[in-house]
Amino acid sequence: MTVVEELPLVVGVDGSEPSLRAVEWAADEAALRGTPLRLVHASLWERYEGISPAGALAEPSEQVMAEDIVEAAARRARGRQPEVKVSSEVLPEEPEYALVRESRDAGLLVLGSRGRHGLTEALLGSVSLTVAAHAHCPVIVLRGDQDTRGGGAGRHGRILLGVGDRREAVRFALREAELRGAELAAVRAWWCPPYETTDLPLLAGAPARAHEQAAAERLAEALGEAPEGLTLRRRTVEGHARQVLSAASRDADLLVVGARRKSGHRGLPLGRTVHDALHHSACPVAVVPEWV
């Protein structure tokens, strides 16, 4: 009988404190799922220092630093979750390319949002943004100041799902809530364009009610696969999705959003809602790809 090993949970590490907190969060997640943890550091040290000639007595200093980074991350992971199987690798290439390639053979990819170059609080690191836009598996991005207590229901005991038109995101959120024993708060935003309003007293509010009803129907349709026993809270909220989700994320442990992927598309396939969620969410964000 052939035993198929679970796909690993991959973490991109760069030696920064945010990336080490991401390692801790990922170690908890790997323990929760019973999957191995793979730590990856991508560095172009070969380009800048050259490959050591045969018989050289010392390794290039950048290579030594890269190996120190993954060793420190591995110690952090094992200290957090001793039972989790941890492996690591240093890859001599651009981080964006390395991590997107790693996502092909990963069940989940976890990143910290700020690297060693000290980006401002409001901005997301370019590596995290690029990987979230092109990865082949779900990507979870933690902002630098976010709680790293993964594994289990979390501090709020709530998964937040932004319900759009991406079914894979819904399925992912349902699995996460069930796995953690957490409540799933599913939100569908709606708004009524100004040109649809009317000054006629008998018709006042009718366009808005129609949009709200449509949102409620889409929400019910999207959650039709919810398993019995799952604590589920449905909400339709007036407003733009990016603002609604940002406000709701304050009381959640994970925000799940979907991102459409198009084969051969070379741009950044992140919509405005996903882009804003990555920049402004108060909790970690899971970007779930759906290929079309």
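That block above? That's the structure.
Q: Mind laying out the sheet that holds strand 9 (residues 254–261), listing which residues take part and the relevant values?
A: Overall, mixed pairing links the ten strands, which are arranged 3-2-1-4-5-10-9-6-7-8 in an open sheet. Every other strand in the sheet has two partners, leaving strand 3 (86–91) and strand 8 (232–238) as the edge strands with one partner each. When strand polarity is set aside, the average angle formed by the axes of neighbouring strands in this sheet is 25°. When strand 1 (residues 9–12) meets strand 4 (residues 108–112), the two strands line up parallel, connected through three bridges. Considered in strand 4, the bridge of V11 is made with V110. Docked against the sheet, helix 4 (residues 95–102) engages strand 1, strand 2 (37–42), strand 3 and strand 4, running at close to 155° with respect to strand 2. Packing of helix 9 (residues 272–280) onto the sheet brings it into contact with strand 5 (139–142), strand 9 and strand 10 (285–291), and relative to strand 10 it is tilted by some 155°.

Q: Before we move on, could you go through the pattern of salt bridges and cite the residues and values that matter?
A: By the definition in use, this model includes 21 salt bridges. Note that R158 and E183 form a salt bridge whose closest N and O atoms lie 2.6 Å from each other. Of the two residues, R158 sits in strand 6 (residues 158–162) while E183 sits in strand 7 (residues 183–190), which places them 25 residues apart along the sequence. Residue classification places E183 among the buried positions, given a relative accessible area of 17%. With a closest N to O distance of 2.8 Å, R171 and E168 form a salt bridge. With R171 and E168 both in helix 6 (residues 167–180) and three residues apart, the pair spans about one turn of that helix. Residue R171 is classed as partly exposed on the basis of its relative accessible area, which comes to 27%.

Q: So what's going on with the side chain of E176? Residues and values would help.
A: Counting through the fold element by element, E176 comes out in helix 6. In this structure, E176 is in contact with E29, R33, I159 and L254, ignoring residues within four places of it in sequence.

Q: Summarise the packing of helix 4 against helix 5 (residues 126–134); cite the residues concerned and give the values.
A: Packing of helix 4 against helix 5 brings their axes to within 9 Å, and their N-to-C directions diverge by 35°. The two elements helix 4 and helix 5 meet at a crossing, and its hand is right-handed. Note on element contacts: helix 5 touches helix 4 through S126, V127, T130, V131 and H134, opposite P95, E96, L99 and V100.

Q: Explain the environment of Q81 to me, using residue names and the numbers behind them.
A: Relative to the assigned elements, Q81 resides in the loop between helix 3 (61–80) and strand 3. Assessed through its relative accessible area of 22%, Q81 is described here as partly exposed. A C-alpha to C-alpha distance of 8.3 Å links Q81 and E24, two positions 57 residues apart in sequence. In this structure, Q81 is in contact with A27, D28 and A31, ignoring residues within four places of it in sequence.

About the cut-offs
- Residues numbered from 1 in each chain as written.
- Predicted model: local features only at pLDDT ≥ 70, side-chain atom pairs only at ≥ 80, totals over all residues.
- Heavy atoms only, no water.
- Pairing = 2+ DSSP bridges.
- Helix = DSSP H or I, 4+ residues; strand = E, 2+ residues; numbered from the N terminus.
- Axes fitted to C-alpha atoms, helices over the stretch in contact; angles between N-to-C directions.
- Contact = heavy atoms within 4.5 Å.
- Salt bridge = Lys/Arg side-chain N within 4 Å of Asp/Glu carboxyl O.
- Buried < 20%, exposed > 50% of the residue type's maximum accessible area, 1.4 Å probe, protein only.
- Left-handed = near helix turned anticlockwise from the far one by under 90°.

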